[in-house]
Amino acid sequence: MMMTQVDSKPYSKKLSFMGKFASIMIVCLLLVAVIGPLFLPYAPDEIDLNNKFAPISTAHFLGTDHLGRDIFTRLVFGARISLSSVAIILLYIIVLGISIGGIAGFFGGKIDKFIMRVCDLFLSLPTIVLSLFLVGILGAGLENVLLAIALTHWAWYARIIRSIVLGLKHREFVLLSQVYGASNWQIFKRNMLTPISTQCLVLATIDIGHIMLHIAGLSFLGLGVQPPQAEWGIMLSDSKDYIFSNPELLFYPGLALFIAVALFNMLGDSLRDYFDCDLGNLH
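Owing to the predicted nature of the structure, the values given are computational and were not obtained by experimental measurement.

Calculation notes
Residues numbered from 1 in each chain as written. Predicted model: local features only at pLDDT ≥ 70, side-chain atom pairs only at ≥ 80, totals over all residues. Heavy atoms only, no water. Helix = DSSP H or I, 4+ residues; strand = E, 2+ residues; numbered from the N terminus. UniProt positions renumbered as here; feature names shortened; annotations may be inferred. Salt bridge = Lys/Arg side-chain N within 4 Å of Asp/Glu carboxyl O. Buried < 20%, exposed > 50% of the residue type's maximum accessible area, 1.4 Å probe, protein only. Patch = residues over 30% accessible without salt bridge, like charges linked within 9 Å, V, L, I, M, F, W, Y side chains within 5 Å. Areas by Shrake-Rupley, 256 points an atom, 1.4 Å probe, with all protein chains shown as cover.

Digging into the environment of Arg272
Then step 1. With respect to the secondary-structure elements, Arg272 resides in helix α10 (residues 248-275).
Then step 2. Along the chain, Arg272 and Thr205 lie 67 residues apart, while their C-alpha atoms are 9.4 Å from each other.

Structural notes on the UniProt feature "transmembrane region" (unreviewed entry) in the protein chain
Then step 1. Here, the residues flagged by UniProt with the feature "transmembrane region" (unreviewed entry) are residues 21-43, 86-109, 121-140, 146-168, 200-223 and 249-267.
Then step 2. A distance of 28 Å separates the end C-alpha atoms of residues 200-223, which is 88% helix and 0% strand.
Then step 3. Overall, residues 249-267 shows 100% helix and 0% strand. The separation of its end C-alpha atoms is 28 Å.

With respect to the pattern of salt bridges
Then step 1. This structure, assessed with the given rule, holds six salt bridges.
Then step 2. A salt bridge links Asp120 to Arg159; the shortest N-O distance between them is 2.3 Å. Taken as a pair, Asp120 in helix α4 (residues 109-123) and Arg159 in helix α6 (residues 142-168) lie far apart in primary sequence, 39 residues in all.
Then step 3. Its salt-bridge partner being Arg272, residue Asp269 comes within 3.0 Å of it at the nearest N-O pair. A residue pair is termed a helical-turn pair when its members lie 3 or 4 positions apart in one helix, as Asp269 and Arg272 do in helix α10 at three residues.
Then step 4. Here Asp269 falls in the partly exposed class, since its relative accessible area comes to 33%.
Then step 5. Residue classification places Arg272 among the partly exposed positions, given a relative accessible area of 28%.

Some words on a nonpolar patch on the surface
Then step 1. Together, Val27, Leu31, Val34, Ile35, Leu38 and Phe39 make up an exposed nonpolar region whose accessible area comes to about 630 Å².
Then step 2. On the secondary structure map, Phe39 appears in the loop between α2 (17-35) and α3 (71-107).
Then step 3. A relative accessible area of 67% places Phe39 in the exposed class.

Written as structure tokens, this is what we have:
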């Protein structure tokens, strides 16, 4: 009898150790990106040709690059650009996903079929290929990269949100709201927005690493952030000619990108387990 009670008891809703660790490290990363530049003695584009390839020292925590710029300063400013860009992209994606997916699931019929065919079109191509195509049309630059990445990612969110709305709109509490004369927006806000927000939180957290790699990759190709701005993809691009003579120039931004992506992936996986979400195969 006691064994039956233990087996049937719901599992405790606690974030895993890896999720807690990732959360703490991400908060530290955000603090470094937000307030770190206020305490740095150098500008990210400050050139000192007399101090090129300086080793690690008290004056330069991670040394300097081929133009004498402080590497640690550029890493911190690169974190600010990467994280702020990801936040803007996710805002675009979530607004588009909730609006378009909510309309498709709530109204159904021909509207739903049309929107889903458009989603299928966007999902049929790899996001990086579609991003390159859109950037080629819009032109290089960070603003166009943000727009291109948002336009290549919204379809997955719209499909997830549509499935949530379809699963809820025929539930008893939704039908009861309709009987009492609640408007479509009231029904959506009261009964559907909370589960949609939960799914969007998990999906967005998992997607942050993918988007960061997108931004860095396009900047590496010269299509995103433009020199002399400090961004991890730009730092990798600037250092590729010194891969054998000074490999640390590529190691530091590559390591920063790897750590940030890994932390957000760990947090996303933990949140998915915490909220018991089934998101399918992302991208």
